[in-house]
Amino acid sequence: MKKFLIYSSGLTAIVLVFGILTVYGFFDISDGKAQLIGPSKVENTQVEAHNQIVNGVHSVGNNARDLNEIFKNFQTTSDIQTIKDQLDKISQKKSSLEDHINKSALKNRQAIEDIFNEKYLPAVTAYENSYKKLFAYMEAKPLDETSLGSFKEASQKAFAEYTEAHNTFVDELNRFRRY
């Protein structure tokens, strides 16, 4: 009986030590590999590269959707700065996404790059340019209801084209997903 108590308390101590190490991050097993104590090399695996690209695409998409909603409710007397701020977020996320695409280590990188460069990137740029035209117009003369309606129509068209390109690119990413 004494041996049983010694072995069970020893086993309990080992389980407790590994539990504490796991909880406090000495062993990070959340992504399927152990991050041991000490310096470690960050590896950019297929899954990590794919997830970074997907997160970037969805981030741009969410910001574009938010900007579209903001501009739907925009009036001639509204503050243009909120639109400029939202457009800056899209531009930053787009450039970050371009970096991820260019540095990715995906197996089928060429097919993904082709869709990105031929469809997705031009659609995002066209959507951004629809707002940049508004900014240039507002610098030249004040915005009236007729011109605002025209800009809203142009931005809706650009948003619809962006949505189509976004969905095409996401479908392409999902097709080459390797888990």
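Residues numbered from 1 in each chain as written. Predicted model: local features only at pLDDT ≥ 70, side-chain atom pairs only at ≥ 80, totals over all residues. Heavy atoms only, no water.

**Student:** Explain the overall build of the chain to me, please; I cannot follow it from the model alone.
**Tutor:** The number of helices and strands found in the chain is five helices and zero strands. When the helices and strands of the chain are placed in sequence order, the string is α-α-α-α-α. Within the chain, the proportion of its 179 residues that are buried is 31%. Taking as baseline every contact in the chain between residues at least 6 positions apart, the subset at least 24 positions apart corresponds to 72%. With the model as given, the accessible surface of the chain reaches about 11600 Å², and the carbon-plus-sulfur share is 56%. (Helix = DSSP H or I, 4+ residues; strand = E, 2+ residues; numbered from the N terminus. Buried < 20%, exposed > 50% of the residue type's maximum accessible area, 1.4 Å probe, protein only. Contact = heavy atoms within 4.5 Å. Areas by Shrake-Rupley, 256 points an atom, 1.4 Å probe, with all protein chains shown as cover.)

**Student:** I would appreciate a short explanation of the pattern of salt bridges in the present structure.
**Tutor:** Any two side chains of opposite charge can pair if their charged atoms end up close together. Taken as a whole, this structure holds four salt bridges when the rule is applied. Put simply, Glu128 and Lys94 hold a salt bridge, and the shortest N to O gap is 2.9 Å. Of this pair, Glu128 sits in helix H4 (residues 109–140) while Lys94 sits in helix H3 (residues 81–103), placing them 34 residues apart in sequence. Per residue, the accessibility class of Glu128 equals that of Lys94, and both read buried. With its nearest N and O atoms 3.1 Å apart, the salt bridge here joins Arg175 to Glu172. With Arg175 and Glu172 both in helix H5 (residues 145–175) and three residues apart, this pair spans about one turn of that helix. Arg175 gets classed as exposed once you look at its relative accessible area, which sits at 53%. (Salt bridge = Lys/Arg side-chain N within 4 Å of Asp/Glu carboxyl O.)

**Student:** Any chance you could explain the packing of helix H2 (residues 46–72) against H4 here in plain terms?
**Tutor:** A pair of packed helices is captured by two measures, namely the crossing angle of their axes and the spacing between those axes. Contact pair H2 / H4: the axes reach a minimum separation of 12 Å and the direction vectors enclose 30°. One finds that H2 runs roughly parallel with respect to H4. Taken as a pair, H2 and H4 cross one another with a handedness that is left-handed. Where H2 approaches H4, its residues Val57, Val60, Ala64, Leu67, Asn68 and Phe71 are matched on the opposing element by Tyr120, Val124, Tyr127, Tyr131 and Leu134. (Axes fitted to C-alpha atoms, helices over the stretch in contact; angles between N-to-C directions. Parallel < 35°, antiparallel > 145°, perpendicular 65-115°, else oblique. Left-handed = near helix turned anticlockwise from the far one by under 90°.)

**Student:** Which parts of the structure should I look at to understand the packing of aromatic side chains?
**Tutor:** Geometrically, a pair of aromatic rings is defined through the distance of the ring centres and the angle of the planes. The full count for this structure, using the stated rule, is eleven aromatic pairs. With centroids separated by 5.5 Å and ring planes inclined at 50°, the aromatic side chains of Phe116 and Phe169 adopt a geometry described as tilted. A residue pair is termed long-range when its members are at least 10 positions apart, and Phe116 in helix H4 and Phe169 in helix H5 qualify at 53 residues. On the accessibility criterion, Phe116 (2% relative accessible area) is buried. Taken together through their ring pairs, the aromatic side chains of Phe71, Phe74, Phe116, Tyr120, Tyr127, Tyr131, Phe159, Tyr162 and Phe169 make up a single cluster. Directly above the aromatic system of Phe135 lies the positively charged group of Lys84, at a separation of 5.4 Å from the ring centroid. (Phe/Tyr/Trp six-rings, centres within 6.5 Å; stacked < 30°, edge-to-face > 60°. Lys NZ or Arg CZ within 6 Å of the ring centre and 35° of its normal.)

**Student:** Is there a simple way to explain a nonpolar patch on the surface in this structure?
**Tutor:** A surface patch of nonpolar side chains, about 400 Å² in accessible area, is lined by Met1, Phe4 and Leu5. Here Phe4 falls in the exposed class, since its relative accessible area comes to 55%. (Patch = residues over 30% accessible without salt bridge, like charges linked within 9 Å, V, L, I, M, F, W, Y side chains within 5 Å.)

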